[in-house]
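Structure assessment
The chain contents come next:
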Amino acid sequence: MKKRILNAQLASIVARMRHGEMLFIADAGSGTTKKSLYPLSEDVEYLDLGVVTGSPSFQDVIETLVECGDFEGAIVTEDMLQHNLKDYHVVENLFDAKNIHVMHYIPEYYQMRDRCKAVIQTGDYGVHAQAILIAGYPSADIPMEWLKNGLKGESHE
């Protein structure tokens, strides 16, 4: 049976994603308040899907998003490769290796989080059980520099 998104806010976020926009899947430990170590930008939409410890899992959320939406790649941290190969393999099974970008965790990954359209927080307590999904169809590579900084001189309203 084909999956579909039942949460109205999540379905809306996925429907509004456009090519090159990003969606951050956060684990339960990712701080997002003004008092967090790296507070979430007020410009980023936030949705907490956590129900109980471990649910929904990173795997549940990423597999559903990729099946129901249009995502061409992912960005993960070096730390995921070192501390959470189980979830890295989930990402690897969803995207060709050439469409998975690996970057440094602090502060670069949090800076990327603040460029995302939305943060979806899971109930997953896995170490570095998080990824940034890049919206769009498989196409010419979007340079990481564009994803990090946007196109210089263009409005991003």
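Quick look at the structure, then. (Residues numbered from 1 in each chain as written. Predicted model: local features only at pLDDT ≥ 70, side-chain atom pairs only at ≥ 80, totals over all residues. Heavy atoms only, no water.)

**Examining helix H5 (residues 105-113)**
Selection criterion: Think of it in three bands: residues with accessible area under 20% of the maximum for their type are buried, residues over 50% are exposed, and the middle band is partly exposed, with areas taken using a 1.4 Å probe on protein chains only. The way it works is that DSSP assigns letters per residue, a run of H or I at least four long becomes a helix, a run of E at least two long becomes a strand, and they are numbered from the N terminus. An arc is given here, and it is the one of the directions from the helix axis to the C-beta atoms.
Within the sequence span of H5, burial applies to Tyr105, Tyr109, Tyr110, Met112 and Arg113. Angularly, the buried residues of H5 cover 155 degrees about the axis, an arc narrow enough to put them on a single face.

**A few points about unusual backbone geometry**
A negative phi angle characterises most non-glycine residues, just as the trans form characterises most peptide bonds. Here Ser55 and Pro56 are connected by a cis peptide whose omega angle stands at -5 degrees. Looking at the element boundaries, Pro56 is found in the loop between strand E2 (45-48) and helix H2 (58-68). Residues Ile106 and Pro107 are joined by a peptide bond in cis, for which omega reads 0 degrees. Residue placement: Pro107 occurs in helix H5.

**A few points about the nonpolar core**
Quick reminder of the rule: What makes a nonpolar core is a set of buried Ala, Val, Leu, Ile, Met, Phe, Trp, Tyr and Cys residues whose side-chain atoms join them at distances within 4.5 Å. Contacts are residue-level and defined by heavy atoms, with any inter-residue pair within 4.5 Å sufficient.
The biggest cluster of nonpolar side chains holds 46 residues, and the ones touching the most others in it are Leu23, Ile62, Leu65, Ile75, Val91, Ile120 and Leu133. Apart from the residues lying within four places of it in its own chain, the contact partners of Leu133 are Glu21, Met22, Leu23, Ile25, Ile62, Leu65, Val66, Phe71, Gly73, Ala74 and Phe95.

**Side note on the pairing of strand E3 (residues 71-77)**
In plain terms, the rule: In this scheme, strands are said to pair when DSSP sees at least two bridges between them.
For E3, the tally of buried residues reaches 7 of 7 residues, placing the bulk of the element in the interior. Note: E3 against strand E6 (residues 131-135), 4 bridges, orientation antiparallel. Paired with Ala74 across the two strands is Leu133, which belongs to E6. Bridging between E3 and strand E4 (residues 100-103) involves 4 bridges; their strand directions are parallel. Within E4, the residue paired with Ile75 across the bridge is His101.

**Side note on the packing of aromatic side chains**
This is how it is decided: Any two rings among Phe, Tyr and Trp, with Trp reduced to its six-membered ring, count as a pair given centres within 6.5 Å; such a pair is stacked if its planes are under 30 degrees apart, edge-to-face if over 60, and tilted if neither.
If you walk through the whole model with that rule in mind, you get 4 aromatic pairs. Ring geometry for Phe24 against Tyr109: centres 5.4 Å apart, planes inclined by 55 degrees, an arrangement best described as tilted. You can see Phe24 sitting in strand E1 (residues 22-26) and its partner Tyr109 sitting in helix H5, a full 85 residues away along the chain. The burial state of Phe24 is the same as that of Tyr109; both residues are buried. Considering the side-chain rings of Tyr105 and Tyr109, the 6.5 Å spacing of their centres and the 45 degrees angle between planes classify their relative orientation as tilted. Remark: Tyr109 and Tyr105 occur in helix H5; sequence separation between them is 4 residues, near one turn of the helix. Taken as a pair, Tyr105 and Tyr109 share a single burial class, namely buried. Counting every residue linked through ring pairs, the aromatic cluster contains Phe24, Tyr38, Tyr105, Tyr109 and Tyr110.

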